[in-house]
Amino acid sequence: MTERSGFLVTVDVGGTLGTADGPGLAMRLAEASPLPPAQAREIMRSGLHTRSALTETVVTEMCAALRVPPEAFPRDLRPAPFSLYPGTIEALRRISAVATVVTLSNVTCVDADTDGLRALLSPWVSDFFPSCRIGHAKPDPRAFLAVADHFGTSPGGLIHIGDDWACDIVGAVEAGAGAVWISRGRTVPDDSLAVDHGVFVAPDLATAATHIQHLTARSTNP
């Protein structure tokens, strides 16, 4: 039996493990807003993704910030079904054999479906940390630190895997954690950051799993 290391691995969900089979609240609001999509997403990361409940106050604030008419705010949405990419379960199985694996994702309280993810990912993923649960959204370093603190782990003992360079990689680096970027064939946005902070670039989750296995093997057998 493989010896599990002391590493904590956080894994992004959407775009890393799979994709939702339909637009969620954030995507619908971005489409309804006249603001540039990147600006709309930044506003929602701090003002919507970190809220544990969709109150009328939150709705009013978001409509004003995004310049969306209140009557256009999507109501009564349910989480869209989530489809895993091929090979996701096998990769998570390999990672979980050598480290504790949890998710760390930016998601609204409307779109968060912890029960659904647990049914898909158990027993390989042991806990779920959506931004609406912890009150911080990536790339805010506090999102990574909240999970590390939950497990009594130092940031240096955490490795984050994700496909979004700004949210997953820059955020992890600024928190003092290790980072693995799922590139899916894309060019590295910042070579200097990748080299200076030892960011591992993996084309897919299977390659990331092999990297984690090698990394943990070196730590347990110096």
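Scope of this entry: the structure provided in the associated data block. Each residue is numbered by its place in its chain's sequence as written, counting from 1. Local features in this predicted model are restricted to residues whose pLDDT is 70 or higher, and side-chain atom pairs enter the listing and the counts only when it is 80 or higher, whereas totals over whole chains, interfaces and linings include all residues. Processing note: side-chain calculations cover all non-hydrogen atoms of the structure and skip hydrogens and water entirely.

**Quick look at the sheet that holds strand 7 (residues 178–182)**
The line we're drawing: For two strands to count as paired, DSSP must find a minimum of two bridges between them. Helix numbering and strand numbering both begin at the N terminus, where a helix is a DSSP run of H or I of at least 4 residues and a strand a DSSP run of E of at least 2. In this analysis, axes come from line fits to C-alpha atoms, helices being fitted only over the stretch in contact, and the angle between any two N-to-C directions falls in the range 0 to 180 degrees. The contact criterion used throughout is that any non-hydrogen atoms of two residues lie within 4.5 Å.
Ordered by their spatial adjacency, six strands build an open sheet running 5-4-1-6-7-8, and the pairing between neighbours is parallel. Both outer strands of the open sheet, strand 5 (127–130) and strand 8 (200–202), are each paired with one neighbouring strand and no more. Neighbouring strand axes in the sheet, compared pairwise and without regard to direction, differ in orientation by 25° on average. Taken together, the three bridges between strand 7 and strand 8 define a ladder with parallel strand orientation. Of the residues in strand 8, the one forming a bridge with isoleucine 182 is alanine 202. Across the sheet, helix 8 (residues 165–175) is in contact with strand 6 (158–162) and strand 7; its angle to strand 7 comes to roughly 160°.

**Some remarks on the pattern of salt bridges**
Quick reminder of the rule: By convention in these notes, a salt bridge is any Lys or Arg side-chain nitrogen within 4 Å of a carboxyl oxygen on Asp or Glu.
Summed over all chains, the structure comprises eight salt bridges. Among the salt bridges present, the one from arginine 75 reaches glutamate 56, with a minimum N-O distance of 3.0 Å. Here glutamate 56 lies in helix 3 (residues 56–66) and arginine 75 lies in the loop between helix 3 and strand 3 (82–84), a separation of 19 residues in the sequence. Among the ionic contacts, a cluster of salt bridges with common partners joins Asp12, Lys138 and Asp168.

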